[in-house]
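Secondary and tertiary structure notes
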Amino acid sequence: MCTAAASSAISVAATNPLKTFSLSSRSPLPSAISLPSRSLNTPRRRLVLVSCTAGDGSKPTILVAEKLGEAGVKLLEGFANVDCSYNMTPEELNTKISLCDALIRLAMSAAAASSAISVAATNPLKTFSLSSRSPLPSAISLPSRSLNTPRRRLVLVSCTAGDGSKPTILVAEKLGEAGVKLLEGFANVDCSYNMTPEELNTKISLCDALIVRSGTKVGREVFESSRGRLKVVGRAGVGIDNVDLSAATEFGCLVVNAPTANTIAAAEHGIALLASMARNVAQSDASVKAGEWKRNKYVGVSLVGKTLAVMGFGKVGTEVARRAKGLGMRVIAHDPYAPADRAHAIGVELVSFDEALATADFISLHMPLTPATNKILNDETFAKMKKGVRIVNVARGGVIDEDALVRALDAGIVSQAALDVFTKEPPAKDSPLVQHENVTVTPHLGASTMEAQEGVAIEIAEAVVGALNGELAATAVNAPMVSAEVLTELKPYVILAEKLGRLAVQLVAGGSGVKNVKVSYTSARATDDLDTRLLRAMITKGIIEPISDVYVNLVNADFTAKQRGLRLSEERVLLDGSPENPLETITVQLGNVESKFASSLSESGEVKVEGRVKDGIPHLTKVGSFEVDVTLEGSIILCRQVDQPGMIGTVGSILGESNVNVNFMSVGRIAPRKQAIMAIGVDDQPSKETLKKIGEIPAIEEFVFLKL
């Protein structure tokens, strides 16, 4: 084919490494084209089959071999004769293919089909782009062609987007260069800005993580379109009102934000708006540039001695208060969750909502947008304010009823407003609020400093990479919120909790539904100093995942447990001694179930396993009433036996003969020469024959293999 046509076809996947087979228009087509072998572990591959007939007026034939969305089929029918033949055998496919000009081999959604086909809308070639988790065939049979078919072109393009072992991260809004570089060191990064919702929904099924700022709405349809692949959404900033947290939680997607990097920038912008509003800087600047010199019109007010009410005393609100104190203002604050000692430490008085409204000369908003704060400043609340109050908002636009604010400005209740955020961004050009002469506006610049942009980019990149690596995220907003220090301390106990859950559920006999779970924690620390939410989530994960096809993580553990009727209760047992370690033991008990290993039942009839962390490594220390001591690494064989000489050697020899490595072995017994439990840690899964030999040892009364 000609260079121009080849360039046009290959531009379909311009940013990806391509393997291209180009056939001259006067050359016969080969009977087959060999393709590199691909495995199921290459999830980000595209197969593009481009076929066109120029000049003979007849329609080409497209064979659709797997289910395709209806919208995609309709698009194809507008161009070609479409044969939808699903579930064909290889022989049937090879027979049909001789009558076809193009093959769609791999299933894709209607949205993906529409997107792929639109790539070639203005091109004489017709392009079908497929994302796939299936292997590419080693060969595709093609119809035999003669030298007398001068205007037929066939281009087969096989493209792999990066290393198949790497995750893919979609960056949907501008991110600082330092953050992008950090992501590129770990994953395949797709920076696609200004996408429509439809484009985002199409792309998301190929992505493991998504990073957005405030301009991209991540609703339920995004999570549905991801088909379970999307594991992390990163919000480059503090507010997360543009992300559907309930949908993210339901689909097991972790949402992380970057709450610290832009704190100072947002606080500085709040102070800048406060001062410029008080001195009419924006209005007088516009007046002078218009050729006017109206000094008397733009007389301002002083900040010294005035009362500033900070509504929302979080990180940004606290920093605004510090700076306002430096300007000589009296600062009060309202926040139902703020600790009084932190406010008092910087000379701020916490007051009620109504008192803040009635007292303040200036109000600075720093609250999140929630159902409780949506339009919290409205006609009713404006009526409670001191006449002539001035309002600054660098938080979220939706906390103010904008129509009510215009009415309050016109009535003189609110003297001035300085706004960096709006309910809808950008606001309409003819917005009465934006055009009001007593309103100063900026285009959401709170985090827009070079330092903050780089800081946010690095913070969110680190959070997303850590989450994809399975690390516990201190900035997760829909998972148990635990400080970084506590996360580090709890890490080995988190592993212990999940593995105890996995062990316990594997001890349940088939057909016994797990409904009641009791977890006991023993610790020398006071109850208030022991946060078990993270541990509870991991126990739930360990119990549910081995017996279902549901992926459970810290985000959706409680939701999934509730869906399945799993009732989990916790108790904490206070021990005497040093509280140096957060926990001594964790015990998991499953009630009202039958056990496949009778020795795992406690005296009261529950499946019971107990563990502890030793030198940073999780250990199983009790099964039922039997004391054991085995590391929770690899897998475990539990045997109930008659306590007699030679048992360890006999079992060890059987495993050794089968090349199964033993990493740990422990025996717990009731009394000498009575019953004992032998716990054996193995690195490899023994064969059925090996396990059968162990079960045939006369002194072995029962045994079970447990996979961790």
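Below is a summary of the structure that appears in this document.

Conventions we followed
- Residues numbered from 1 in each chain as written.
- Predicted model: local features only at pLDDT ≥ 70, side-chain atom pairs only at ≥ 80, totals over all residues.
- Heavy atoms only, no water.
- Helix = DSSP H or I, 4+ residues; strand = E, 2+ residues; numbered from the N terminus.
- Contact = heavy atoms within 4.5 Å.
- Salt bridge = Lys/Arg side-chain N within 4 Å of Asp/Glu carboxyl O.
- Buried < 20%, exposed > 50% of the residue type's maximum accessible area, 1.4 Å probe, protein only.
- Pairing = 2+ DSSP bridges.
- Axes fitted to C-alpha atoms, helices over the stretch in contact; angles between N-to-C directions.
- Parallel < 35°, antiparallel > 145°, perpendicular 65-115°, else oblique.
- Left-handed = near helix turned anticlockwise from the far one by under 90°.
- Nonpolar A, V, L, I, M, F, W, Y, C, P; charged D, E, K, R; others polar.
- Phe/Tyr/Trp six-rings, centres within 6.5 Å; stacked < 30°, edge-to-face > 60°.
- Right-handed = clockwise from strand over helix to strand, strands pointing away.
- Polar contact = N/O pair within 3.5 Å; in protein donor to acceptor, adjacent residues only side chain to side chain.
- Core = buried A, V, L, I, M, F, W, Y, C linked by side-chain atoms within 4.5 Å.

1. Let's talk about the environment of Val 555
Take Val 555: it is sitting in the loop between α19 (533-544) and α20 (557-563). C-alpha separation for the pair Val 555 and Cys 253, spaced 302 residues apart in sequence, amounts to 6.7 Å. Discounting chain neighbours no more than four positions away, the residues touching Val 555 are Ala 248, Thr 249, Cys 253, Leu 254, Asn 478 and Ala 479.

2. Some details on the pattern of salt bridges
Counted under the stated rule, the structure contains 25 salt bridges. Across the pair Arg 502 and Glu 545 runs a salt bridge, and its minimum N-O distance is 2.8 Å. In this pair, Arg 502 is assigned in helix α18 (residues 484-506) and Glu 545 in the loop between α19 and α20, connecting sequence segments 43 residues apart. What makes Glu 545 buried here is its relative accessible area of 15%. Residues Glu 701 and Arg 640 are paired through a salt bridge, measuring 2.9 Å at the closest nitrogen-oxygen approach. Of this pair, Glu 701 sits in strand β31 (residues 700-707) while Arg 640 is found in strand β28 (residues 635-642), placing the two residues 61 residues apart along the sequence.

3. Remarks on the sheet that holds β28
The four strands lie next to each other as β29-β30-β28-β31, forming an open sheet whose pairing is antiparallel. Since the sheet does not close on itself, it has two edges, and those belong to β29 (662-669) and β31, each with one partner. With direction set aside, neighbouring strand axes in the sheet form an average angle of 15°. Pairing analysis gives eight bridges linking β28 to strand β30 (residues 675-682), with the strands arranged antiparallel. Each residue of the ladder has a partner; that of Ile 637, found in β30, is Ile 680. Against the sheet, helix α21 (residues 647-657) touches β28, β29, β30 and β31, its axis set at about 30° to β30. In the packing of helix α22 (residues 688-695) onto the sheet, contacts are made with β28 and β31, and the angle to β31 comes to roughly 150°.

4. A short note on the packing of α21 against α22
Their axes nearest at 10 Å, the elements α21 and α22 cross at an angle of 165°. Comparing the axis directions of α21 and α22 gives the class roughly antiparallel. The chirality of how α21 crosses α22 is right-handed. Between α21 and α22, the contacting residues are Val 651, Ile 654 and Leu 655 on the first element and Thr 690, Lys 693 and Ile 694 on the second. A class-by-class count of the residues in the contact of α21 with α22 yields four nonpolar, one polar and one charged.

5. So, the sheet that holds strand β18 (residues 362-365)
Whether parallel or antiparallel, the strands of a sheet pair through hydrogen bonds between backbone atoms. Taken in spatial order, the seven strands line up as β17-β16-β15-β18-β19-β20-β21 in an open sheet, and their pairing is parallel. For this open sheet the edge positions go to β17 (349-350) and β21 (439-441), each flanked by a neighbour on one side alone. Contacting β15 (307-311), β16 (330-334) and β18, helix α11 (residues 315-326) runs over the sheet at an angle of about 170° to β15.

6. Quick word on the packing of aromatic side chains
Evaluation of the coordinates by the stated rule reveals one aromatic pair. Centroid distance Phe 223 to Phe 251: 6.4 Å. Interplanar angle 20°. Geometry classified as stacked. Linking Phe 223 in helix α7 (residues 220-226) with Phe 251 in the loop between α8 (245-250) and β14 (254-257), this pair joins segments that are 28 residues apart in sequence. Residue classification places Phe 223 among the buried positions, given a relative accessible area of 1%.

7. Let's talk about the pairing of β14
The side-chain alternation of β14 yields two buried faces, one formed by Leu 254 and Val 256 and the other by Val 255 and Asn 257. As paired elements, strand β13 (residues 232-235) and β14 share four bridges and run parallel to each other. Bridge pairing in β14 places Val 232 opposite Leu 254. On the question of chirality, the crossover connecting β13 to the parallel β14 by way of α8 is right-handed.

8. A few points about the environment of Arg 227
If you trace the backbone, Arg 227 turns up in the loop between α7 and β13. Expressed as a C-alpha distance, the spacing of Arg 227 and Ile 204, which sit 23 residues apart in the sequence, is 8.8 Å.

9. Here's the deal with unusual backbone geometry
Of note, the bond from Glu 425 into Pro 426 is cis; its omega dihedral lies within 30 degrees of zero at -10°. Its place among the elements puts Pro 426 in the loop between β20 (414-419) and α16 (432-435). Here the phi dihedral of Asn 592 falls at roughly 60°; this positive angle occurs in a residue that is not glycine. Note on placement: Asn 592 falls in the loop between β24 (585-591) and β25 (607-614). Judged by its relative accessible area of 70%, Asn 592 is exposed. Even without glycine at this site, Asn 659 takes up a positive phi of about 60°.

10. Re the side chain of Thr 442
With respect to the helices, strands and loops of the structure, Thr 442 is situated in the loop between β21 and α17 (450-468). Looking at Thr 442, its side chain comes within polar contact range of the side chain of His 269, at 3.1 Å. For Thr 442, the side chain forms a polar contact with the side chain of Asp 420, separated by 2.6 Å. Other than its neighbours up to four places away in sequence, Thr 442 contacts His 269, Leu 273, Leu 419, Asp 420 and Phe 422.

11. Here we look at the nonpolar core
Judged by nonpolar contacts, the single largest core of 76 residues is most densely connected at Leu 590 and Leu 620. Broken down by element, this core gets its largest block of residues, ten residues, from α18. The contacts of Leu 590, once residues within four sequence positions are left out, are Ala 504, Val 505, Val 508, Val 514, Asn 516, Val 517, Ile 543, Glu 606 and Val 607. Grouped together as the second largest cluster of nonpolar side chains are 29 residues, Met 311, Met 367, Val 399 and Val 439 included.

12. Description of the packing of helix α5 (residues 177-184) against α17
Where α5 contacts α17, the two axes come as close as 7 Å, and the packing angle between them is 20°. The orientation of α5 relative to α17 falls into the category roughly parallel. Like other packed secondary-structure pairs, α5 and α17 cross with a definite hand, here right-handed. Contacts between α5 and α17 involve Glu 177, Ala 178, Gly 179, Leu 182 and Leu 183 from the first element and Glu 454, Ala 457, Ile 458, Ala 461, Glu 462 and Val 465 from the second. Along the lines of polarity and charge, the residues of the contact of α5 with α17 split into seven nonpolar, one polar and three charged.

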